[in-house]
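Chains, contacts and geometry: an overview
The primary structure of each chain is shown beneath.
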Amino acid sequence: MWLQRQLTLKARSRGFHLVTEEILAQLPEVAELQVGLLHLWLQHTSASLTINENADPLVRSDFEAFFRRLVPENQSYYQHTYEGADDLPAHVKASILGMGCSVPISQGRLALGTWQGIYLGEHREQGGRRRLLVTLQGE
């Protein structure tokens, strides 16, 4: 099976958000595969995807605190600030973390580790709904 579809994630506030279940709710075909691969591509330049801790929400808030410090807003050397103080920092954070990830599928389930989940890194105060292009392959 090969399938490619655009999914939409609901709008979220700035921060790191677990989106594993929201993605799976829009991809019932995953359950049909014994072995496969799910590739996720975020079609935006001011948000990111990554895989990390799914149990303790403090990890997500610590990520946000770290990235705010790593790429601070309102720096005098920023030129790309057309959409506000979070504009360029959002692009930098997205480039650091990336816009895509792949997850193996085994026996109809994502083969994530016990403590792993898919994060959307929303790097804008008002990023809006986010589009994912997903490619599912397997048998």
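Residues numbered from 1 in each chain as written. Predicted model: local features only at pLDDT ≥ 70, side-chain atom pairs only at ≥ 80, totals over all residues. Heavy atoms only, no water.

The name given to the chain in an unreviewed UniProt entry is Secondary thiamine-phosphate synthase enzyme YjbQ, with the source organism recorded as Balneatrix alpica. On record in UniProt, under Sequence similarities (unreviewed entry), the comment for the chain is "Belongs to the UPF0047 family." (UniProt positions renumbered as here; feature names shortened; annotations may be inferred.)

Here we take up the environment of P28. By the element assignment, P28 lies in the loop between α1 (20-25) and β3 (35-42). Residues P28 and N54, spaced 26 residues apart in sequence, show a C-alpha to C-alpha distance of 21 Å. (Helix = DSSP H or I, 4+ residues; strand = E, 2+ residues; numbered from the N terminus.)

Our next topic: the sheet that holds strand β2 (residues 15-18). Strand pairing in a sheet relies on backbone hydrogen bonds. The paired strands run either parallel or antiparallel. Here we have three strands laid out as an open sheet, ordered β2-β7-β4, and antiparallel in their pairing. Where the open sheet ends on each side, the last strands, each with one partner, are β2 and β4 (47-53). Averaged over neighbouring strand pairs, the angle between their axes works out to 35 degrees when direction is ignored. The strands touched by helix α2 (residues 57-70) are β2, β4 and β7 (116-122); relative to β2, the strand with the most contacts, the crossing angle is about 150 degrees. (Pairing = 2+ DSSP bridges. Axes fitted to C-alpha atoms, helices over the stretch in contact; angles between N-to-C directions. Contact = heavy atoms within 4.5 Å.)

Turning our eyes to something else, we now look at a nonpolar patch on the surface. Where nonpolar side chains cluster on the molecular surface, the patch consists of F66, L70 and I96 and spans about 300 Å² of accessible area. One can find L70 in helix α2. (Patch = residues over 30% accessible without salt bridge, like charges linked within 9 Å, V, L, I, M, F, W, Y side chains within 5 Å. Areas by Shrake-Rupley, 256 points an atom, 1.4 Å probe, with all protein chains shown as cover. Salt bridge = Lys/Arg side-chain N within 4 Å of Asp/Glu carboxyl O.)

With that out of the way, let us pick up the nonpolar core. In terms of nonpolar packing, the biggest core is built from 24 residues, with I23, L27, L38, L40, L49, I118 and L132 touching the most fellow members. The set of elements that each furnish at least two residues to this core consists of β1 (2-9), β3, β4, β5 (100-106), β7 and β8 (130-138). Among residues more than four places away in sequence, those in contact with L40 are I23, L49, M99, G100, C101, I118, L132, L133 and V134. (Core = buried A, V, L, I, M, F, W, Y, C linked by side-chain atoms within 4.5 Å. Buried < 20%, exposed > 50% of the residue type's maximum accessible area, 1.4 Å probe, protein only.)

You will see that N74, though not glycine, has its phi angle at about 60 degrees, which is positive. Its location among the elements puts N74 in the loop between α2 and α3 (87-97). Note on N74: relative accessible area 63%, which makes it exposed. One non-glycine residue, Q107, adopts positive backbone phi at about 55 degrees. Relative to the helices and strands, Q107 resides in the loop between β5 and β6 (109-110). A relative accessible area of 63% means that Q107 is categorised as exposed.

On to the layout of surface pockets, then. Reported here for the largest pocket is a volume of approximately 230 Å³. Around the largest pocket, the lining is made up of 13 residues, and of these T20, E21, L24, L112 and Q116 lie nearest the centre. Those elements that provide at least two residues to the lining of the largest pocket are α1, β6 and β7. In terms of residues, the lining of the largest pocket owes the most to one element, α1, which gives three residues. Of the residues in the lining of the largest pocket, the class split is six nonpolar, five polar and two charged. (1 Å grid on protein atoms, 1.4 Å probe; cavity = no way out; pocket = protein on both sides within 12 Å on 5 of 7 lines; lining within 4 Å. Points joined across faces, edges and corners; volume = space filled by probe spheres on them. Nonpolar A, V, L, I, M, F, W, Y, C, P; charged D, E, K, R; others polar.)

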